[in-house]
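Chain and residue survey
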Amino acid sequence: MHPDDFPKRFRDKRSDKTNLVATWQGEEMLKGELTDTFAIIFRTRGCSWSYRSGCTMCGYHTDTNPRIEIGDLERQLEEARSRYDGEDIVKIYTSGSFLDPNEVPPDLATSILSSFDSKLTVVETRPQYVSPEVLDTMTDQVDQLEIAIGLESANDFVLEHCINKGFKFSDYKKAREIVFEANARLRTYLLLKPPFLTEQEAIDDLIYSIGSVSHPMNTISINPVNVQRYSPLELLWKRKLYRPPWLWSLLDVIDKTDKEMVISRAGLGSFRGAHNCGECDSNIVEAINNFTKDNSILEEISNCGCKDKWRAYKELEPYMYFRGTLEILSDRYTGYL
Ligand SMILES: [Zn+2]
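Quick look at the structure, then. Numbering of residues starts from 1 in each chain and follows the order in which that chain's sequence is written. With the structure being a predicted model, the display of local features is reserved for residues of pLDDT at least 70 and the display and counting of side-chain atom pairs for 80 or more, all residues being used for whole-chain, interface and lining totals.

1. Overview of the sheet that holds strand β7 (residues 218-224)
Whether two strands pair depends on DSSP finding at least two bridges between them. In DSSP terms, a helix is any run of H or I states spanning at least four residues, a strand is any run of E spanning at least two, and both are numbered starting from the N terminus. A sheet is described by the order of its strands in space; here eight strands give the open sequence β1-β2-β3-β4-β5-β6-β7-β8, paired in mixed fashion. In the strand order of this sheet, the two ends are held by β1 (22-30) and β8 (261-263), each with one partner. Within this sheet the neighbouring strands show an average axis-to-axis angle of 25°, counted without direction. Where β7 meets β8, three bridges bridge the pair, whose relative direction is parallel. Bridging from a neighbouring strand, Ile220 pairs with Met261 of β8. The angle between two axes is taken between their N-to-C directions and runs from 0 to 180 degrees, where each axis is a line fitted to C-alpha atoms and a helix contributes only its stretch in contact.

If you want it as C-alpha coordinates, here you go:
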(Lines give C-alpha, C1' and ligand atoms only; values in the text may rest on other atoms or scores of the structure.)
Protein backbone atom coordinates (compact mmCIF):
# COMPACT_ATOMS: atom_id res chain seq x y z
CA MET A 1 0.00 0.00 0.00
CA HIS A 2 1.37 3.40 -0.97
CA PRO A 3 0.42 6.52 1.01
CA ASP A 4 -0.96 8.04 -2.20
CA ASP A 5 -3.58 5.29 -2.07
CA PHE A 6 -4.97 6.54 1.23
CA PRO A 7 -8.17 8.58 1.04
CA LYS A 8 -7.21 12.20 0.41
CA ARG A 9 -9.04 13.37 3.53
CA PHE A 10 -6.44 11.50 5.59
CA ARG A 11 -3.44 13.20 4.03
CA ASP A 12 -4.33 16.77 3.14
CA LYS A 13 -6.01 19.11 5.58
CA ARG A 14 -4.20 22.36 4.94
CA SER A 15 -5.48 25.51 6.56
CA ASP A 16 -6.07 29.13 5.49
CA LYS A 17 -4.57 30.58 8.67
CA THR A 18 -1.64 33.02 8.38
CA ASN A 19 -0.41 33.18 12.00
CA LEU A 20 2.41 31.36 13.82
CA VAL A 21 1.58 27.73 14.58
CA ALA A 22 3.14 27.88 18.06
CA THR A 23 5.98 29.06 20.26
CA TRP A 24 7.00 27.57 23.59
CA GLN A 25 9.69 27.77 26.23
CA GLY A 26 11.52 24.77 27.69
CA GLU A 27 14.85 23.46 28.90
CA GLU A 28 17.54 21.33 27.34
CA MET A 29 21.11 20.27 28.06
CA LEU A 30 23.79 22.35 26.28
CA LYS A 31 27.46 21.58 26.95
CA GLY A 32 26.57 19.88 30.23
CA GLU A 33 24.30 22.66 31.48
CA LEU A 34 20.53 22.85 31.66
CA THR A 35 19.70 25.70 29.26
CA ASP A 36 16.50 27.65 28.45
CA THR A 37 15.03 27.00 25.02
CA PHE A 38 12.63 28.95 22.82
CA ALA A 39 10.92 27.00 20.03
CA ILE A 40 8.97 28.50 17.12
CA ILE A 41 6.87 26.83 14.47
CA PHE A 42 6.31 29.11 11.46
CA ARG A 43 3.26 28.48 9.32
CA THR A 44 4.64 28.18 5.78
CA ARG A 45 3.30 26.61 2.59
CA GLY A 46 4.57 23.35 4.10
CA CYS A 47 6.82 20.48 3.15
CA SER A 48 7.37 20.11 -0.60
CA TRP A 49 7.36 16.33 -0.17
CA SER A 50 3.89 16.50 1.40
CA TYR A 51 2.55 18.00 -1.87
CA ARG A 52 4.05 15.21 -3.96
CA SER A 53 3.47 12.25 -1.64
CA GLY A 54 4.30 12.55 2.07
CA CYS A 55 5.44 10.43 5.00
CA THR A 56 3.10 7.83 6.48
CA MET A 57 3.23 9.15 10.05
CA CYS A 58 3.10 12.86 9.22
CA GLY A 59 0.07 15.07 9.85
CA TYR A 60 1.96 18.38 9.88
CA HIS A 61 0.23 19.46 6.66
CA THR A 62 -2.62 20.57 8.94
CA ASP A 63 -0.31 23.38 10.14
CA THR A 64 0.42 24.75 6.66
CA ASN A 65 -1.21 27.14 4.21
CA PRO A 66 -0.49 26.83 0.45
CA ARG A 67 -1.45 30.49 -0.07
CA ILE A 68 0.82 31.96 2.62
CA GLU A 69 2.57 35.18 1.54
CA ILE A 70 5.91 36.66 2.47
CA GLY A 71 4.13 39.47 4.38
CA ASP A 72 2.46 36.82 6.56
CA LEU A 73 5.82 35.24 7.31
CA GLU A 74 7.28 38.64 8.21
CA ARG A 75 4.40 39.27 10.61
CA GLN A 76 4.98 35.85 12.17
CA LEU A 77 8.64 36.77 12.69
CA GLU A 78 7.62 40.02 14.46
CA GLU A 79 5.28 38.02 16.70
CA ALA A 80 8.00 35.46 17.49
CA ARG A 81 10.47 38.25 18.32
CA SER A 82 7.99 39.77 20.75
CA ARG A 83 7.66 36.45 22.59
CA TYR A 84 11.43 35.80 22.76
CA ASP A 85 12.92 36.30 26.19
CA GLY A 86 16.66 35.90 25.56
CA GLU A 87 16.76 32.09 25.74
CA ASP A 88 20.15 30.60 24.84
CA ILE A 89 18.78 27.91 22.55
CA VAL A 90 16.36 28.90 19.77
CA LYS A 91 14.71 26.14 17.75
CA ILE A 92 13.10 27.20 14.48
CA TYR A 93 10.69 24.84 12.79
CA THR A 94 8.31 24.99 9.88
CA SER A 95 6.02 22.09 9.11
CA GLY A 96 8.56 21.27 6.42
CA SER A 97 12.10 22.44 5.67
CA PHE A 98 13.51 25.79 6.82
CA LEU A 99 16.19 25.49 4.11
CA ASP A 100 13.70 24.95 1.25
CA PRO A 101 13.72 28.29 -0.66
CA ASN A 102 10.13 27.68 -1.79
CA GLU A 103 9.04 27.56 1.82
CA VAL A 104 11.22 30.23 3.42
CA PRO A 105 12.73 32.70 0.92
CA PRO A 106 16.53 32.89 1.58
CA ASP A 107 16.50 36.62 2.50
CA LEU A 108 13.79 36.02 5.05
CA ALA A 109 15.65 32.98 6.41
CA THR A 110 18.66 35.25 6.98
CA SER A 111 16.60 37.83 8.86
CA ILE A 112 14.94 35.14 10.97
CA LEU A 113 18.33 33.72 11.99
CA SER A 114 19.76 37.15 12.87
CA SER A 115 16.69 38.04 14.98
CA PHE A 116 17.63 36.08 18.08
CA ASP A 117 20.55 36.45 20.43
CA SER A 118 21.07 32.74 21.15
CA LYS A 119 24.14 30.59 21.73
CA LEU A 120 22.68 27.75 19.68
CA THR A 121 20.17 28.02 16.83
CA VAL A 122 18.47 24.87 15.53
CA VAL A 123 16.72 24.73 12.14
CA GLU A 124 15.08 21.69 10.59
CA THR A 125 15.29 20.53 7.00
CA ARG A 126 15.17 17.59 4.64
CA PRO A 127 18.73 16.69 3.57
CA GLN A 128 18.43 17.69 -0.10
CA TYR A 129 18.37 21.42 0.78
CA VAL A 130 21.67 21.28 2.69
CA SER A 131 24.47 22.81 0.60
CA PRO A 132 27.83 24.45 1.49
CA GLU A 133 26.62 27.81 0.07
CA VAL A 134 23.42 27.88 2.15
CA LEU A 135 25.23 26.82 5.31
CA ASP A 136 27.97 29.44 4.81
CA THR A 137 25.36 32.21 4.77
CA MET A 138 23.51 30.77 7.75
CA THR A 139 26.51 30.18 10.01
CA ASP A 140 27.41 33.88 9.58
CA GLN A 141 24.11 34.89 11.22
CA VAL A 142 24.34 32.88 14.42
CA ASP A 143 26.77 31.83 17.17
CA GLN A 144 26.39 28.12 16.56
CA LEU A 145 24.12 26.54 13.99
CA GLU A 146 22.54 23.10 14.39
CA ILE A 147 20.89 21.46 11.41
CA ALA A 148 18.10 19.07 12.38
CA ILE A 149 17.16 16.26 10.01
CA GLY A 150 14.25 13.87 10.46
CA LEU A 151 16.04 10.73 9.37
CA GLU A 152 13.67 8.40 11.31
CA SER A 153 15.65 5.25 10.46
CA ALA A 154 19.08 4.35 9.07
CA ASN A 155 17.56 1.40 7.20
CA ASP A 156 16.65 2.14 3.56
CA PHE A 157 13.96 -0.55 3.51
CA VAL A 158 12.19 1.10 6.46
CA LEU A 159 12.63 4.56 4.91
CA GLU A 160 11.13 3.48 1.61
CA HIS A 161 8.44 0.98 2.54
CA CYS A 162 7.36 1.89 6.09
CA ILE A 163 7.77 5.67 6.12
CA ASN A 164 7.74 6.65 2.44
CA LYS A 165 10.42 9.16 3.38
CA GLY A 166 11.46 10.07 -0.15
CA PHE A 167 15.19 9.97 0.58
CA LYS A 168 17.80 7.39 1.47
CA PHE A 169 20.31 7.02 4.29
CA SER A 170 23.06 7.99 1.82
CA ASP A 171 21.30 11.37 1.24
CA TYR A 172 21.43 11.97 4.98
CA LYS A 173 25.10 11.03 5.08
CA LYS A 174 25.91 13.50 2.28
CA ALA A 175 24.12 16.27 4.17
CA ARG A 176 25.88 15.27 7.41
CA GLU A 177 29.27 15.71 5.73
CA ILE A 178 28.35 19.21 4.52
CA VAL A 179 27.06 20.16 7.99
CA PHE A 180 30.27 19.08 9.73
CA GLU A 181 32.37 20.68 6.99
CA ALA A 182 30.63 23.99 7.77
CA ASN A 183 31.42 23.60 11.50
CA ALA A 184 27.75 23.33 12.28
CA ARG A 185 26.22 20.79 14.62
CA LEU A 186 23.73 18.12 13.59
CA ARG A 187 20.54 16.92 15.26
CA THR A 188 19.05 13.67 14.03
CA TYR A 189 15.47 12.66 14.73
CA LEU A 190 14.86 8.93 14.90
CA LEU A 191 11.46 7.30 15.09
CA LEU A 192 10.40 4.62 17.53
CA LYS A 193 7.95 2.30 15.80
CA PRO A 194 7.35 3.35 12.20
CA PRO A 195 4.18 1.85 10.71
CA PHE A 196 4.36 -1.73 9.40
CA LEU A 197 7.08 -2.81 11.87
CA THR A 198 6.34 -5.00 14.85
CA GLU A 199 7.29 -3.78 18.32
CA GLN A 200 10.46 -5.90 18.37
CA GLU A 201 11.45 -4.92 14.81
CA ALA A 202 11.00 -1.28 15.80
CA ILE A 203 13.22 -1.66 18.89
CA ASP A 204 15.92 -3.37 16.81
CA ASP A 205 15.63 -0.75 14.06
CA LEU A 206 16.03 2.14 16.51
CA ILE A 207 19.03 0.59 18.26
CA TYR A 208 20.64 -0.04 14.86
CA SER A 209 19.88 3.53 13.74
CA ILE A 210 21.28 5.12 16.91
CA GLY A 211 24.50 3.16 16.37
CA SER A 212 24.64 4.25 12.72
CA VAL A 213 24.36 8.01 13.34
CA SER A 214 26.24 8.41 16.61
CA HIS A 215 28.81 11.25 16.47
CA PRO A 216 30.07 13.79 19.05
CA MET A 217 28.64 16.69 16.99
CA ASN A 218 25.28 14.99 16.55
CA THR A 219 22.41 15.33 19.01
CA ILE A 220 20.25 12.22 18.75
CA SER A 221 16.58 12.92 19.38
CA ILE A 222 14.20 9.99 19.75
CA ASN A 223 10.60 10.51 18.64
CA PRO A 224 8.32 7.73 19.86
CA VAL A 225 5.45 7.75 17.36
CA ASN A 226 2.51 9.94 18.27
CA VAL A 227 -0.42 9.19 15.93
CA GLN A 228 -1.10 12.54 14.24
CA ARG A 229 -4.49 13.62 12.96
CA TYR A 230 -4.98 13.27 9.20
CA SER A 231 -1.84 11.17 8.76
CA PRO A 232 -2.06 7.89 6.79
CA LEU A 233 -0.93 6.21 10.01
CA GLU A 234 -4.09 7.46 11.73
CA LEU A 235 -6.12 5.37 9.34
CA LEU A 236 -4.14 2.23 10.25
CA TRP A 237 -4.49 3.07 13.95
CA LYS A 238 -8.23 3.57 13.68
CA ARG A 239 -8.54 0.21 11.93
CA LYS A 240 -6.56 -1.40 14.80
CA LEU A 241 -3.66 -2.21 12.50
CA TYR A 242 -1.21 -0.14 14.50
CA ARG A 243 -0.45 0.33 18.18
CA PRO A 244 1.89 3.17 19.25
CA PRO A 245 5.06 1.90 20.97
CA TRP A 246 5.04 0.71 24.56
CA LEU A 247 6.97 2.84 27.05
CA TRP A 248 8.73 -0.43 27.95
CA SER A 249 10.15 -0.48 24.42
CA LEU A 250 11.48 3.05 24.86
CA LEU A 251 13.11 2.05 28.17
CA ASP A 252 14.52 -1.06 26.48
CA VAL A 253 16.21 1.12 23.83
CA ILE A 254 17.58 3.57 26.43
CA ASP A 255 18.88 0.60 28.44
CA LYS A 256 20.60 -1.05 25.47
CA THR A 257 22.31 2.09 24.11
CA ASP A 258 24.75 4.12 26.18
CA LYS A 259 24.50 7.18 23.96
CA GLU A 260 23.44 10.64 25.04
CA MET A 261 20.05 11.43 23.59
CA VAL A 262 17.01 13.62 23.85
CA ILE A 263 13.58 12.00 24.09
CA SER A 264 10.64 13.84 22.57
CA ARG A 265 7.79 14.08 25.06
CA ALA A 266 5.04 14.56 22.46
CA GLY A 267 2.13 12.32 23.36
CA LEU A 268 4.03 10.22 25.93
CA GLY A 269 1.60 8.33 28.13
CA SER A 270 -1.41 9.14 25.93
CA PHE A 271 -3.57 6.84 23.84
CA ARG A 272 -2.15 8.23 20.57
CA GLY A 273 1.44 8.28 21.87
CA ALA A 274 3.84 5.78 23.47
CA HIS A 275 1.96 4.22 26.38
CA ASN A 276 1.71 1.19 28.65
CA CYS A 277 -1.30 0.00 30.64
CA GLY A 278 -2.46 3.38 31.95
CA GLU A 279 -1.50 2.58 35.58
CA CYS A 280 2.27 2.89 35.35
CA ASP A 281 2.46 5.49 32.54
CA SER A 282 2.77 8.68 34.57
CA ASN A 283 5.66 7.37 36.71
CA ILE A 284 7.57 6.22 33.66
CA VAL A 285 6.93 9.45 31.75
CA GLU A 286 8.23 11.41 34.74
CA ALA A 287 11.37 9.27 34.85
CA ILE A 288 11.87 9.84 31.12
CA ASN A 289 11.45 13.60 31.58
CA ASN A 290 14.15 13.57 34.27
CA PHE A 291 16.35 11.52 32.01
CA THR A 292 15.97 14.12 29.24
CA LYS A 293 16.85 16.90 31.64
CA ASP A 294 20.09 15.63 33.11
CA ASN A 295 20.88 12.53 31.06
CA SER A 296 21.43 10.60 34.26
CA ILE A 297 20.63 6.91 34.29
CA LEU A 298 16.91 6.36 34.61
CA GLU A 299 15.97 5.74 38.19
CA GLU A 300 14.91 2.21 39.01
CA ILE A 301 11.38 1.98 37.69
CA SER A 302 9.05 -0.14 39.72
CA ASN A 303 7.80 -3.04 37.70
CA CYS A 304 4.18 -3.21 36.64
CA GLY A 305 2.19 -6.29 35.67
CA CYS A 306 1.92 -4.93 32.15
CA LYS A 307 5.61 -5.64 31.52
CA ASP A 308 4.67 -9.31 31.05
CA LYS A 309 1.86 -8.22 28.72
CA TRP A 310 4.41 -6.22 26.72
CA ARG A 311 6.59 -9.32 26.38
CA ALA A 312 3.60 -11.38 25.27
CA TYR A 313 2.48 -8.59 22.93
CA LYS A 314 5.83 -8.65 21.16
CA GLU A 315 5.34 -12.34 20.40
CA LEU A 316 1.67 -12.10 19.43
CA GLU A 317 1.72 -8.85 17.47
CA PRO A 318 2.31 -10.36 14.00
CA TYR A 319 -0.82 -12.51 14.43
CA MET A 320 -2.80 -9.51 15.65
CA TYR A 321 -2.01 -7.73 12.40
CA PHE A 322 -3.37 -10.75 10.58
CA ARG A 323 -6.61 -10.60 12.56
CA GLY A 324 -6.89 -6.89 11.83
CA THR A 325 -6.33 -7.54 8.14
CA LEU A 326 -9.22 -10.02 8.11
CA GLU A 327 -11.46 -7.37 9.68
CA ILE A 328 -10.44 -4.93 6.98
CA LEU A 329 -11.19 -7.39 4.20
CA SER A 330 -14.81 -7.51 5.24
CA ASP A 331 -14.97 -3.76 5.41
CA ARG A 332 -15.80 -1.08 2.86
CA TYR A 333 -12.24 0.28 3.06
CA THR A 334 -10.98 -2.82 1.24
CA GLY A 335 -9.99 -0.71 -1.74
CA TYR A 336 -7.55 1.32 0.31
CA LEU A 337 -5.67 -1.40 2.15
ZN1 LIG B 1 1.67 -0.91 33.54
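2. What about the environment of Pro194?
Following the sequence through the fold, Pro194 ends up in the loop between β6 (185-192) and α7 (199-213). A residue is called partly exposed when the number of other C-beta atoms within 10 Å of its own lies between 12 and 20, exposed at 12 or fewer, and buried at 20 or more, with C-beta atoms placed from the backbone. Note on Pro194: 28 C-beta atoms within 10 Å, which makes it buried. Sequence-wise, Pro194 and Asp205 are eleven residues apart; in three dimensions their C-alpha atoms are separated by 9.4 Å. Once you skip the residues sitting within four places of it in the chain, Pro194 turns out to touch Met57, Glu152, Ser153, Val158, Cys162, Ile163 and Ala202. Here, residues touch in the contact sense if the C-beta positions derived from the backbone fall within 7 Å of one another.

3. A closer look at unusual backbone geometry
A positive phi is found at Phe196, a non-glycine position, where the angle reads about 75°. With respect to the helices and strands, the residue Phe196 is situated in the loop between β6 and α7. The backbone of Lys240 shows a phi angle near 60°, a positive value even though the residue is not glycine. By the element assignment, Lys240 lies in the loop between α8 (232-238) and α9 (247-256).

4. Some points on the nonpolar core
We define a nonpolar core as a collection of buried residues of the types Ala, Val, Leu, Ile, Met, Phe, Trp, Tyr and Cys that are connected via C-beta atoms lying within 7 Å of each other. Counting 76 residues, the largest nonpolar core has Ile92, Ile147 and Leu192 as the members making the most contacts within it. At five residues, strand β5 (residues 145-152) tops the list of elements feeding residues into this core. When near neighbours in sequence (up to four residues on either side) are disregarded, Ile92 contacts Ile40, Phe98, Ile112, Thr121, Val122 and Val123.

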